[in-house]
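Chain residues, written in single-letter form:
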Amino acid sequence: MFNKNNQFKAFESKVWLSSPTMHGEELKYMTQAYETNWMSTVGENINQVEAMTCEKIGCKYAVGLSCGTASLHLSMKLAGIEAYGMPKVGHGALEGKKVFCSDMTFDATVNPIVYEGGEPVFIETERDTWNMDAKALEKAFEIYPDVRVVVLAHLYGTPGKMDEIMEVVNRHNAILVEDAAESMGATYKGIETGTFGKYNTVSFNGNKIVTGSSGGCFLTNDLEAANKVRKWSTQSRENAAWYQHEELGYNYRMSNVVAGVVRGQLPYLDEHIQQKKAIYYRYKEGLKGLPVQMNPIPEDCEPNYWLSCLIIDKDAMTKQVRSEQDVLYTKEQGKTCPTEILEAIASINAEGRPIWKPMHMQPIYRLNPFINKDGINRAKTNAYIQGEAQDIGMDIFNRGLCLPSDNKMTVEQQDRIIEVIRACFE
Ligand SMILES: *Cc1c(COP(=O)(O)O)cnc(C)c1O
């Protein structure tokens, strides 16, 4: 039997970065799927998840999928077909085409471009939100005027500067694909993330603000696109008595059991956001006086505060050197670095994490273009020297870290974490 206290007990020993928080109804809906035998990719839970997601986000259509990455993949396919036409079987919809994308993000934002044969072009980050810089995006269009698709993520649940971004996207007749996997429930000027793009994604991965253990939704206001995604995600079966196929298919549909978990979670989205917000402001208060900043919260938006992060002031940083897999740092009085703080947090059994390493510095994408607000393009110049903080993304990666942000963390646990962070600066 579900017992809320047991869940909390399991977490007494460790404070996680961001772990699932169940409330009881999840089990009720999963059991309903079992007892009615809708143990499949069809059922009432999926219908409800789609309806509730539309209602919450304020979009017309939501399609439940196996994960957010699947939604991003089908979004790239839709955008590619719309921009460049239907590819031949065996060819991607973006084959040989460049796509502009966020640089500071999880690789699931970017990989779907490659699934469809496209080439990611990374757009530099701006400091105010840690998201895509509209000025760098404008420069990218000057350099590659033929590009028609842009993918943007809202890092750690803080919306990007959507007015500026949309102005550039619309002026260049491009299609925006929005990755709101980390930002479900966050708003920009009162508008939910996941509604700015033509094709949008939320994720119900286990570490997101609400979870189905896995899962995601494709969001759009375009009925035809929603129908396509629903069809493609169920192996593109045509309306015939036998298995008839006119198009390439995928097995990407959400399970009705997973949907039961999501259905039980969605009513708690706002509660989780409030808990995460309280965590953010407790860190902000507790770290006052230290040479650090929290991740920025711009005035015109309300984030979902998924992860609390900090960034150490430049002159309070000890020397820290990261290779592809290892890290070394020096100890110095009054100074510290993300690695030392992460080790200190780990020593009291709490989980922090380095900032997501920018995509332009990932070995897999080392030869891809990377464009900053001055129009400097790594693919065409040697202006970028690796290692030192030559760009904003790498500077945030070098000096920043994600703090334990689990909404089941107690005030006492958080106070202890703040204490060990403060000790790093002694
Ligand atoms: C988690 C995440 C995804 C992928 O979602 P899944 O449901 O895990 O496939 C995509 N983009 C970003 C920015 C994410 O954080």
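Quick caveat: nothing in here was measured; it's all calculated off a predicted structure.

Trainee: Is there a simple way to explain the overall build of the protein chain in this structure?
Mentor: Counting secondary structure elements, the protein chain contains 13 helices and 17 strands. Over its C-alpha trace the protein chain gives a radius of gyration of 22 Å, about what one expects of a compact globule, namely 22 Å for 426 residues. The C-alpha extent of the protein chain, read off along each of the three principal axes, is 75 × 60 × 40 Å. Taking all 426 residues of the protein chain together, the buried fraction comes to 56%. Sequence-distant contacts in the protein chain: of pairs separated by 6 or more residues, those separated by 24 or more amount to 69%. If the 45 positive side-chain charges of the protein chain are averaged to one point and the 55 negative ones to another, these points end up 2 Å apart.

Trainee: Just checking my understanding: could you explain the sheet that holds strand 2 (residues 98–102) for this structure?
Mentor: Pairing between sheet strands relies on hydrogen bonds along the backbone, with the strands arranged either parallel or antiparallel. On the basis of which strands lie adjacent, the open sheet formed by 8 strands has the order 1-9-8-5-4-2-3-16 and mixed pairing. The open sheet terminates on both sides in strands that have one partner only, identified here as strand 1 (61–65) and strand 16 (370–371). Note that strand 8 (residues 199–203) and strand 9 (residues 216–220) share 4 bridges and pair antiparallel. Paired with V202 across the two strands is C217, which belongs to strand 9. The sheet contacts of helix 4 (residues 68–84) involve strand 1, strand 2, strand 4 (149–153), strand 5 (175–179), strand 8 and strand 9, and relative to strand 8 the element is tilted by about 175°.

Trainee: Whenever I open this one, the nonpolar core confuses me. Can you help?
Mentor: Grouped burial of nonpolar side chains is what soluble globular proteins tend to show. In this structure, W130, Y156, M184, F204, L307, I355 and C402 are the most contacted members of the largest nonpolar core, which totals 38 residues. Listed by contribution, the elements that provide at least two residues to this core are helix 3 (44–57), strand 9, helix 9 (256–265), helix 10 (269–286), strand 12 (309–312) and helix 12 (392–399). A domain split of this core shows at least three residues from each of domain 1 (25–266) and domain 2 (269–423). When neighbours within four sequence positions are excluded, C402 is seen to be in contact with L17, Y156, L307, S308, C309, L342, G352, R353, P354, I355 and W356. Listed in part, the 31 residues of the second largest apolar core include A70, W232, Y252 and M359.

Trainee: For this particular structure, what's the right way to read the pattern of salt bridges?
Mentor: Between side chains of opposite charge, pairing is possible as soon as their charged atoms come close. Under the definition given, this model contains 26 salt bridges. The closest approach of N and O atoms between K231 and E238, which form a salt bridge, is 2.6 Å. Among the ionic contacts, a cluster of salt bridges with common partners joins K228, K231, E238 and E247.

Trainee: What's the story with the side chain of K276 in this structure? I'm lost.
Mentor: Mapped onto the elements of the fold, K276 is located in helix 10. Lacking a salt bridge, the buried K276 has D406 as its closest oppositely charged neighbour, with an N-O distance of 5.8 Å. Engagement of the side chain of K276 in a polar contact is seen with the side chain of S18, the distance being 3.1 Å. Once you skip the residues sitting within four places of it in the chain, K276 turns out to touch S18, I209, N304, Y305, W306, S405 and N407.

Trainee: Sorry, what's going on with the packing of helix 3 against helix 9 here?
Mentor: For any two helices packed against each other, one specifies the inter-axial angle together with the distance between the axes. For the pair helix 3 and helix 9, the least separation of the axes is 7 Å and the interaxial angle reads 45°. Relative to helix 9, the element helix 3 lies oblique. In this structure, the crossing between helix 3 and helix 9 has a hand that is left-handed. For the pair formed by helix 3 and helix 9, the contact residues are E44, N45, I46, Q48, V49 and M52 on the first element and N256, A259, G260, V262 and R263 on the second. Of the residues that constitute the contact of helix 3 with helix 9, the class distribution is 5 nonpolar, 4 polar and 2 charged.

Trainee: Would you mind going over the packing of helix 4 against helix 8 (residues 223–232) with me for this structure?
Mentor: The N-to-C vectors of helix 4 and helix 8 enclose an angle of 125°; their axes lie 11 Å apart at closest approach. By the criterion of interaxial angle, the relationship of helix 4 to helix 8 is oblique. Seen along the crossing, helix 4 lies across helix 8 with a hand that is right-handed. Packed against helix 4, whose contacting residues are L74, K77, L78 and I81, the element helix 8 presents A225, K228, V229 and W232 at the interface. In the contact of helix 4 with helix 8, the residues fall into 6 nonpolar, no polar and 2 charged.

Trainee: How should I be thinking about the domain arrangement of the protein chain in this particular structure?
Mentor: Where interface size is quoted, it is often the accessible area lost as the parts come together. Under the domain assignment used here, the protein chain contains domain 1 (25–266) and domain 2 (269–423). Computed over C-alpha atoms only, the centres of domain 1 and domain 2 are separated by 26 Å. Taken together, the contact between domain 1 and domain 2 spans 49 residues of the former and 44 residues of the latter. Contact between domain 1 and domain 2 buries roughly 4000 Å² in total, counting both sides, with carbon and sulfur atoms accounting for 62%.

What counts, and at which threshold
Residues numbered from 1 in each chain as written. Predicted model: local features only at pLDDT ≥ 70, side-chain atom pairs only at ≥ 80, totals over all residues. Heavy atoms only, no water. Helix = DSSP H or I, 4+ residues; strand = E, 2+ residues; numbered from the N terminus. Rg over C-alpha atoms; globule rule 2.2 N^0.38 Å. Buried < 20%, exposed > 50% of the residue type's maximum accessible area, 1.4 Å probe, protein only. Contact = heavy atoms within 4.5 Å. Lys, Arg positive; Asp, Glu negative; His and termini not counted. Charge placed at Lys NZ, Arg CZ, Asp CG, Glu CD. Pairing = 2+ DSSP bridges. Axes fitted to C-alpha atoms, helices over the stretch in contact; angles between N-to-C directions. Core = buried A, V, L, I, M, F, W, Y, C linked by side-chain atoms within 4.5 Å. Domains from an automatic or database assignment. Salt bridge = Lys/Arg side-chain N within 4 Å of Asp/Glu carboxyl O. Polar contact = N/O pair within 3.5 Å; in protein donor to acceptor, adjacent residues only side chain to side chain. Parallel < 35°, antiparallel > 145°, perpendicular 65-115°, else oblique. Left-handed = near helix turned anticlockwise from the far one by under 90°. Nonpolar A, V, L, I, M, F, W, Y, C, P; charged D, E, K, R; others polar. Buried area = accessible area lost by both parts, 1.4 Å probe.

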